[in-house]
Amino acid sequence: MNIKIVCDSSSDLTKLTHTAFASAPLTISTNEHSFVDDDKLDIPNMINELAHYKGRSYTACPSIASWLDCFEGADILYVCTITSGLSGAYNSAMSAVSQYCADNPHVKAHVFDTLSTGPELRMLAEKIDELVYEGNDFDTVCREANEYLKRTRLFFSLESLHNFAQNGRVSKIVASAAGILGIRIFGTASAKGTLQPMHKCRGEAKVLSTIMSTLEEIGYKGGKIRIAHVQNPGFAQRIKEALINKYGEISLLIYETRGLCSYYAEKGGILLGCEI
Ligand code: X90
């Protein structure tokens, strides 16, 4: 039995520890150039090119065909997608799964709509990887993974919402606050899987204290943390130090966002996933 975990590229993952993995790329485009968010994408070059580009830019979810490429050869499929509240990725994954199962009737497949993205999506994939490795059957993995998703959260600090606004994914009013120099929008994924701003923070020190108080409020007790950053390793490291100071040794990884999250979170952006 070939078991495969498939995410869209907003998971920022390229592999998992135990289970076969594939990533279905989203695409970031200008009128002149398309950036496919796969392992060949030169992300610093994309960020730089977009920063100098005067026209509009867009994104697109993975096509049904690119999901099908990822499914190739799998008998059991766990598919995890970016929130259906902001992307068509969940719908295209569902269509791809129906097609794949129609062609391969023995296949068992489940699509998880994370109502989130980035580190929270990555954490779900890591959890499924562990559950599969422990030898759990398909139904148990699906049930436990769905339970896990209820115990994880996503928080973000964004210096700009320009790309969210130009793609119509937040209102211009919300976006304008983030345009002010030094102001970061701190927020979370809403229950519907949309951007939910919580605070406006002036400066990184304020973001850091907001992260610490927010984690306390939601009952965080030292569970797993994943921090993705857009060219901001120093701040990610300061968050890590503050967390270790308060909670002691925790499972924490810092890494760079890939294409899609780099585009929307923009330079300086931080995404934090945690278990509660
Ligand atoms: O289908 C598409 O074209 C992709 C649209 C994706 C839009 C959201 C990307 C978010 C990337 C930024 C901060 C986290 C916000 C989370 C809210 C659920 C990461």
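Predicted, not measured: the structure shown is a model, and the values here were computed from it.

### Quick notes on the overall build of the protein chain
Secondary structure summary: the protein chain contains ten helices and 13 strands in total. Whereas a compact globule of 276 residues would reach a radius of gyration of roughly 19 Å, the protein chain reaches 18 Å, a difference of no more than 12%. In terms of principal-axis extent, the alpha carbons of the protein chain reach across some 55 × 50 × 30 Å. Residue burial in the protein chain is summarised as follows: out of 276 residues, 54% are buried. Once local pairs closer than 6 in sequence are excluded, the contacts in the protein chain between residues at least 24 apart make up 73%. On the protein chain, roughly 12,500 Å² of surface is accessible, and the fraction owed to carbon and sulfur atoms is 51%. Here the protein chain carries 27 positive and 31 negative side-chain charges, and the mean point of each set is 8 Å from the other.

### Remarks on helix α4 (residues 118-133)
Side chains that are three or four residues apart share a direction in an α-helix, a result of its 3.6 residues per turn. Compared with an ideal rise of 1.5 Å per residue, which puts 16 residues at 22 Å, α4 spans 23 Å between its outermost C-alpha atoms and is within 8% of the ideal. With respect to burial, α4 is a largely interior element, 14 of its 16 residues being buried. Positive backbone phi, at 90°, marks G135, one or two positions downstream of α4.

### Quick word on the site of the ligand
Close to the ligand lie 20 residues; T59, A60, L86, S87 and R169 are nearest. In the model, an oxygen atom of the ligand is placed 2.5 Å from a nitrogen or oxygen of the T59 side chain. The separation between an oxygen atom of the ligand and a polar side-chain atom of S87 is 2.6 Å. Coverage of the ligand by the protein amounts to 99% of the 550 Å² it exposes when considered alone. Looking at the shell around the ligand, the elements that each hand over two or more residues are β5 (57-60), β8 (152-158) and α10 (259-265). Of the residues belonging to the shell around the ligand, the class tally is 13 nonpolar, six polar and one charged.

Quick notes on the rules
Each chain has its residues counted from 1, running along the sequence as written. Given that this is a predicted model, residues contribute local features only at a pLDDT of at least 70 and side-chain atom pairs are listed and counted only at 80 or more, while totals for whole chains, interfaces and linings are drawn from all residues. Only hydrogens and water are removed before side-chain values are computed, so all heavy atoms of the structure are retained for them. Runs of E in the DSSP output that reach at least two residues are strands. Runs of H or I that reach at least four are helices, and both are numbered from the N terminus. Within these notes, the globule rule equals 2.2 Å times the number of residues to the 0.38 power, and the radius of gyration is based on C-alpha atoms. Each residue's exposure class comes from its accessible area (1.4 Å probe, protein chains only) as a fraction of the maximum for that residue type: buried when under 20%, exposed when over 50%, partly exposed otherwise. Two residues qualify as a contact provided that any one of their heavy atoms is within 4.5 Å of a heavy atom in the partner residue. Reported accessibility uses the Shrake-Rupley method at a 1.4 Å probe radius. Residues are deemed covered only where the shown protein chains occlude them. Positive charges come from Lys and Arg, negative ones from Asp and Glu, while His and the chain ends are left out of the count. One atom stands in for each charge, and that atom is NZ of Lys, CZ of Arg, CG of Asp or CD of Glu. Helix span, as expected, comes to 1.5 Å for every residue beyond the first. In this text, near means that some heavy atom of the residue lies within 4 Å of the molecule or strand in question. Throughout this description, a polar contact denotes any pair of N or O atoms lying within 3.5 Å of each other; where both atoms belong to protein, one of them has to be capable of donating a hydrogen while the other can accept it, and for residues adjacent in sequence the pair is counted only when both atoms sit in side chains. When residues are sorted by character, Ala, Val, Leu, Ile, Met, Phe, Trp, Tyr, Cys and Pro go into the nonpolar class, Asp, Glu, Lys and Arg into the charged class, and all the rest, Gly among them, into the polar class.

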